[in-house]
Amino acid sequence: MMSAERLKKIADAVGETGRLSVAELAELTGASEMTIRRDLELLADQGVLERYRGGARSLLLRGEEPPFALRAQGGLEVKRRLAVEVAALIADGESVVVDSGTTCLEVARALHRRRLTVMPLSLHAANALTGAPRLQLLLPGGEPRVGELALTGPLTEASLAALRFDTAVIGCCGLTVADGLTAYDLADAAIKRAAIASARRVIAVTESAKLSRTALAFVTPASALHAVVTDRSAPDDETEALTAAGVVVRRV
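For the structure given in this document, a descriptive report is provided here. Here the residue numbering is sequential within each chain, running from 1 through the sequence in written order. With pLDDT at 70 or above as the cut-off, local features in this predicted model cover only qualifying residues; side-chain atom pairs require 80 or more to be listed or tallied, and sums for whole chains, interfaces and linings still use all residues. The side-chain figures draw on all heavy atoms in the structure; neither hydrogens nor water molecules are used.

Considering the sheet that holds strand S1 (residues 19-21)
No. 1: Pairs of strands are assigned from DSSP output, requiring at least two bridges between the strands. Numbering of helices and strands runs from the N terminus; a helix is a DSSP stretch of H or I covering at least four residues, while a strand is a stretch of E covering at least two. Pairing is antiparallel in the open sheet, where three strands are placed in the order S1-S3-S2. Looking at the sheet topology across the chains shown, the edges are occupied by S1 and strand S2 (49-52). Each strand axis lies, on average, 20° off the axis of its neighbour in the sheet, ignoring direction.
No. 2: Where S1 meets strand S3 (residues 55-58), three bridges bridge the pair, whose relative direction is antiparallel. What sits directly across from Leu20, in S3, is Ala56. For helices, the axis comes from a line fit to the C-alpha atoms of the stretch in contact; other axes are also lines fit to C-alpha atoms, and the angle between any two N-to-C directions lies between 0 and 180 degrees.

Topic: the pairing of strand S14 (residues 227-230)
No. 1: Under the scheme applied here, a residue whose accessible area is under 20% of the maximum for its type counts as buried, over 50% as exposed, and between as partly exposed, the area being computed with a 1.4 Å probe on protein chains only. Alternating residues of S14 divide into Ala227 and Val229 and Val228 and Thr230, and every residue in both groups is buried.
No. 2: Pairing of S14 with strand S15 (residues 248-251), which is carried by four bridges, proceeds in the parallel orientation. Within S15, the residue paired with Ala227 across the bridge is Val248.
No. 3: Each parallel crossover has a hand, and the one from S14 via helix H10 (residues 236-244) to S15 is right-handed. Crossovers are described as right-handed under a simple rule: with the strands pointing away from the observer, the path leading from the first strand over the helix to the second runs clockwise.

A closer look at the side chain of Glu94
No. 1: Relative to the assigned elements, Glu94 resides in the loop between helix H5 (76-88) and strand S4 (95-98).
No. 2: Note on Glu94: relative accessible area 10%, which makes it buried.
No. 3: At 3.0 Å, the side chain of Glu94 forms a polar contact with the backbone nitrogen of Ala91.
No. 4: Setting aside its immediate chain neighbours within four residues, Glu94 contacts Leu89, Arg115, Leu116, Thr117, Asp166, Thr167 and Arg201. Think of a polar contact as two N or O atoms within 3.5 Å of one another; within protein, one of them needs to be a possible hydrogen donor and the other a possible acceptor, and neighboring residues in sequence only count if both atoms come from side chains. We call two residues in contact when some of their heavy atoms are within 4.5 Å.

So, helix H9 (residues 186-197)
No. 1: In a helix, the anticipated span is given by 1.5 Å times the number of residues less one. A rise of 1.5 Å per residue sets the reference length of H9, with its twelve residues, at 16 Å; its end C-alpha atoms lie 17 Å apart and thus fit the reference within 8%.
No. 2: Residues of H9 that are buried: Asp188, Ala189, Ala190, Ile191, Lys192, Ala194, Ala195 and Ile196.
No. 3: Its side-chain oxygen 3.0 Å from the backbone nitrogen of Ala187, Asp185 forms the N-cap of H9.

Dropping the structure here:
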């Protein structure tokens, strides 16, 4: 089992059960107890769990978003495929606002060599776009959230309100036709709403696991989205419901 896959499996298992011993995690992953102890130290440093002698307990509340560093390690191949598909929907010369989050970070990377005007809503994405040869980079104001480095607050909202974009690329924590697009964090939801309001077209990009999931903070109805880019594992009932709501669904 690769390191990133093992870390995610450990984090998921501890999150689901509340606590597990080193021996139990070694049996679950097939790794040595020494390797598991190193993994637990790394996850503890990221704030995912708390170590105790002989095991670990979860620090994440049910429904709480895992730290950026942990999410960035998982599903990279799928996220990159989604990012390439989103980039293909954007024409040269467009102005684009790119949301925060690990999938949108891959979108920013996919846009690096394009002739576009782009405003990223996280410092991770801004860093990925710095030095792009043909791209005009716009930076909003705001306060970066620790770890996530997503820009939030009234300065970010004011930056978005002052501009009109061709396309907004929005990530999500949950998306259903019944509950719309949702986020874990209220401040993040406010920025997503402001980005959507500033754009002529809205593309939501999400891994299939987030379809049929609902997070705490409502962002927008599904019908406000013009397109959803997801992977082929997306549940048919949700993709069909999105299509019936007038949303173009692209599964890659």
